[in-house]
Amino acid sequence: MLVEGLRGRLRKDLRVHLAAAEAEFWQAPDFSRTAMPAPVPETLVTTAARFLDVYRGQLRPFETEFEVAPGVRIERTGGHTPGHSIVRLESGGERLTFAGDAVFQCGFDQPGWYNGFEHDPEESARVRMALLKEMAASGEHLMASHLPFPSVCHVATAGNAFRFVPTVWDY
């Protein structure tokens, strides 16, 4: 959202819904439980400060969940960051969950593993395991930032692990 010239093309009444814990975290982030390579932490702090400064008046914080519009709900999960949230979409009897940074490729085979970017590694693993179990049981679509293109899948169980089952695009 901070790309040169983009803000001017956004609606003037833009609202940014985010967990209150996320906004609070990024005001003074604590990276003591992460293992991120330099210069990532410094870049994140600078970017977050700029984002909060630019969009502060448009932030709409929520505590645990918020319905943005009918069929669009945001839920705070925590783990990756204190206010990490997922977005759930439902329309015409179909559902898709956008898991953001909660799920990554090797997390299907090893859901208890975590990466150096997660601020609460144990909670991240718990959130990932619960989310993958839920997606496998419901059969709904899952999408996440760090999955291979097109990043939309179903989740299957495989013993104590899970499987990424790619979804063919239906145009």
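Cut-offs and rules
Residues numbered from 1 in each chain as written. Predicted model: local features only at pLDDT ≥ 70, side-chain atom pairs only at ≥ 80, totals over all residues. Heavy atoms only, no water. Core = buried A, V, L, I, M, F, W, Y, C linked by side-chain atoms within 4.5 Å. Buried < 20%, exposed > 50% of the residue type's maximum accessible area, 1.4 Å probe, protein only. Helix = DSSP H or I, 4+ residues; strand = E, 2+ residues; numbered from the N terminus. Contact = heavy atoms within 4.5 Å. Pairing = 2+ DSSP bridges. Axes fitted to C-alpha atoms, helices over the stretch in contact; angles between N-to-C directions. Phe/Tyr/Trp six-rings, centres within 6.5 Å; stacked < 30°, edge-to-face > 60°.

> Hey, could you run me through the nonpolar core in this one?
Where a protein is soluble and globular, its nonpolar side chains tend to be buried together. Of all hydrophobic cores here, the largest spans 16 residues; its most connected members are Ala99, Val103, Phe108 and Leu142. Listing elements by their share of this core, those giving two or more residues are α4 (121–138), β8 (152–158) and β9 (161–166). It is α4 that contributes the most residues to this core, four residues altogether. Among residues more than four places away in sequence, those in contact with Ala99 are His84, Ile86, Leu131, Leu142, Met143 and Ala144. The next biggest cluster of nonpolar side chains, apart from the first, holds 11 residues, and it includes Val16, Phe25, Trp26 and Ala48.

> Looking at this structure, I do not really get unusual backbone geometry. What am I missing?
Leaving glycine out, the prevailing phi sign among residues is negative, and the prevailing peptide bond configuration is trans. Looking along the chain, the bond that leaves Ala38 and enters Pro39 is cis, with omega of 5°. Secondary-structure assignment places Pro39 in the loop between α1 (20–27) and α2 (40–55). The step from Phe149 to Pro150 runs through a cis peptide bond, and the omega angle for that step is 5°. With respect to the helices and strands, the residue Pro150 is situated in the loop between β7 (141–143) and β8. For Ser151, which is not glycine, the phi dihedral falls at a positive 65°.

> Hey, could you run me through the sheet that holds β8 in this one?
Strand pairing in a sheet takes place through backbone hydrogen bonds and is either antiparallel or parallel in direction. Taken in spatial order, the seven strands make up an open sheet running β3-β4-β5-β6-β7-β8-β9, and their pairing is mixed. Every interior strand has two partners, whereas the edge strands, β3 (65–69) and β9, have only one. Taken over all neighbouring pairs, the strand axes of this sheet differ in orientation by 30° on average, direction set aside. As paired strands, β7 and β8 are joined by two bridges and run antiparallel to one another. Paired with Leu142 across the strands is Cys153, a residue of β8. Against the sheet, α4 touches β5 (85–91), β6 (94–98), β7, β8 and β9, its axis set at about 95° to β8.

> What should I look at first to understand the packing of aromatic side chains in this one?
Aromatic ring pairs are described here by two measures, namely the spacing of the ring centres and the angle between the planes. Under the defined criterion, the tally for this structure stands at six aromatic pairs. Arranged with centres 4.9 Å apart and planes meeting at 35°, the rings of Phe51 and Tyr55 form a pair that is tilted. Here Phe51 pairs with Tyr55, and both are found in helix α2, just four residues apart, close to one helical turn. Classification of Phe51 as partly exposed rests on a relative accessible area of 21%. Look at Phe108 and Phe164: their rings are 5.6 Å apart centre to centre, the planes differ by 85°, and that puts the pair in the edge-to-face class. On the criterion of sequence distance, the pair formed by Phe108 in helix α3 (residues 106–109) and Phe164 in strand β9 is long-range, its members being 56 residues apart.

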